[in-house]
Amino acid sequence: DGKSITVLVTDDCERYIGAYDVSNGKMNKITGGNRSFNSLELHPDGSWITSMSDPQLPSEYYALENNKLRRLTKVQEDFVAPLSLATVEKFTSKSKDGTTVSNLLYLPANAVKEKLPVIFFIHGGPVSQDDYGFDLTRQMLAANGYAVVAVNYRGSNGRGLDFSKAIYADWGNKEVLDIQGAADHLISKGIIDGNRMGIGGWSYGGILTDYSIAKDTRFKAAVSGAGSALQLSLYGVDQYILQLDNEIGQPWKDKNYEKYLKLSYPFLNSVKKKTPTLFMSGENDFN
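Just so it is clear, the model here is predicted, and its values are computed rather than measured.

Undergrad: Please explain the nonpolar core as it appears in this structure.
TA: Here is a general trend for soluble globular proteins: nonpolar side chains tend to be buried in one another's company. Of all hydrophobic cores here, the largest spans 38 residues; its most connected members are F120 and V151. Of all the elements in the fold, those that place two or more residues in this core are β9 (100-107), β10 (116-122), β11 (147-151), α4 (174-188), β12 (192-202) and α5 (204-215). Of the residues forming this core, the biggest block, six residues, is contributed by α5. Those residues in contact with F120 that lie beyond four places of it in its chain are V149, V151, I179, A182, A183, I192, M197, G198, I199, G200 and F219. Core analysis: the second largest hydrophobic core is formed by 10 residues, I17, F37, M52 and L64 among them.

Undergrad: Help me understand the pattern of salt bridges in this model?
TA: Side chains bearing opposite charge may pair, as long as their charged atoms lie close to each other. Per the counting criterion, the structure on display carries 14 salt bridges. Between K113 and E89 there is a salt bridge, and its shortest N-O distance comes to 2.7 Å. Placement of the pair is K113 in the loop between β9 and β10 and E89 in strand β8 (residues 87-94), with a sequence separation of 24 residues. Under the relative-accessibility criterion, E89 is labelled partly exposed at 28%. Here K174 ties to D170 by a salt bridge, and the two come within 3.1 Å at their closest N and O atoms. For K174, a relative accessible area of 22% puts it in the partly exposed group. Sharing partners across several salt bridges, the network here consists of E60, R71 and E77.

Undergrad: Whenever I open this one, the layout of surface pockets confuses me. Can you help?
TA: Rolled over the atoms, a probe as big as a water molecule pinpoints where empty space is left. The space that makes up the largest pocket amounts to roughly 750 Å³. Forming the boundary of the largest pocket are 30 residues, of which S203, Y204, I207, S228 and Y240 lie nearest the centre. When the residues that make up the lining of the largest pocket are grouped by side-chain class, the tally is 15 nonpolar, 10 polar and five charged. Estimated volume of the second largest pocket: approximately 290 Å³. Taken together, 13 residues form the lining of the second largest pocket, with S4, T6, L42, G46 and W48 sitting closest to its centre. When residues of the lining of the second largest pocket are traced back to their parent elements, those giving at least two are β1 (4-11) and β6 (57-65). For the lining of the second largest pocket, the residue count by class is five nonpolar, six polar and two charged.

Undergrad: Looking at this structure, how should I read the sheet that holds β9?
TA: Pairing between the strands of a sheet comes from backbone hydrogen bonds, and it takes one of two forms, parallel or antiparallel. Read across the sheet, seven strands follow the order β8-β9-β11-β10-β12-β13-β14 without closing on themselves; strand pairing throughout is mixed. Edge positions in the sheet fall to β8 and β14 (277-280), since each has one partner strand and no second. Adjacent strand axes in the sheet meet at a mean angle of 20 degrees when their direction is disregarded. With three bridges connecting them, β10 and β11 associate as parallel partners. Looking across to β11, one finds that F120 is bridged to V149. Where α4 meets the sheet, its contacts fall on β8, β9, β10, β11 and β12, and the angle it forms with β8 comes to roughly 110 degrees. Contacting β10, β12, β13 (221-225) and β14, α5 runs over the sheet at an angle of about 140 degrees to β12.

How each quantity is defined
Residues numbered from 1 in each chain as written. Predicted model: local features only at pLDDT ≥ 70, side-chain atom pairs only at ≥ 80, totals over all residues. Heavy atoms only, no water. Core = buried A, V, L, I, M, F, W, Y, C linked by side-chain atoms within 4.5 Å. Buried < 20%, exposed > 50% of the residue type's maximum accessible area, 1.4 Å probe, protein only. Helix = DSSP H or I, 4+ residues; strand = E, 2+ residues; numbered from the N terminus. Contact = heavy atoms within 4.5 Å. Salt bridge = Lys/Arg side-chain N within 4 Å of Asp/Glu carboxyl O. 1 Å grid on protein atoms, 1.4 Å probe; cavity = no way out; pocket = protein on both sides within 12 Å on 5 of 7 lines; lining within 4 Å. Points joined across faces, edges and corners; volume = space filled by probe spheres on them. Nonpolar A, V, L, I, M, F, W, Y, C, P; charged D, E, K, R; others polar. Pairing = 2+ DSSP bridges. Axes fitted to C-alpha atoms, helices over the stretch in contact; angles between N-to-C directions.

Printed below as a string of structure tokens:
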């Protein structure tokens, strides 16, 4: 009707539906909560159709009528019916430099919240966030008895532009502090066993796995998927050349190669690593 713009908002572990009032720019939250909305389509009658998932239910379609949800599909019922799924709760931790970080903790079904073995499963991007949407990978890990931790480290979205830009040309520094801070918090609360910690991730999650095991020897096992450790070797072999030019610079100019080598400490300090690690890369991964 020209009066408002309806949007999906990524905000601190949530992904909710909001609407901007065109006349004054004010944003109103329409519906949110501990769940993740993933699409919006306007119905001819003025209502909306949206897809949404929550920690224990994969995506289904819903009608959004007068700001209230009405479920339309039940295609996931047969899938989830026989499963004992992990519960998911948000917690905040403080990093060594005082930064507050938002995280999600997956607890295995019927688990006692004490001294659990844990896997830190790190999201990629880095401009992304872990939210309350259904996550099959973390559910599968939790089903095997592990607490699973999702860290929305600096560089993630959902906490504003400055939070996302905090790691600009400074990879593997603040993010590792944030992962360590989340671990220290859960250990201090007695929830996880600091002697039974693993870490892994894919893409930038794999890169941060490399950085983490180069700085911290506490992890007993790691899986680094589609990551990189010698960052200078990235230049010219993938689709991120413009990003590297803008963020770090061309290696042959202004001694920028020194910046690349500084960011390559996981490779250059390989001799210091103590964590048994599986490095994974797709044979046909052109990137």
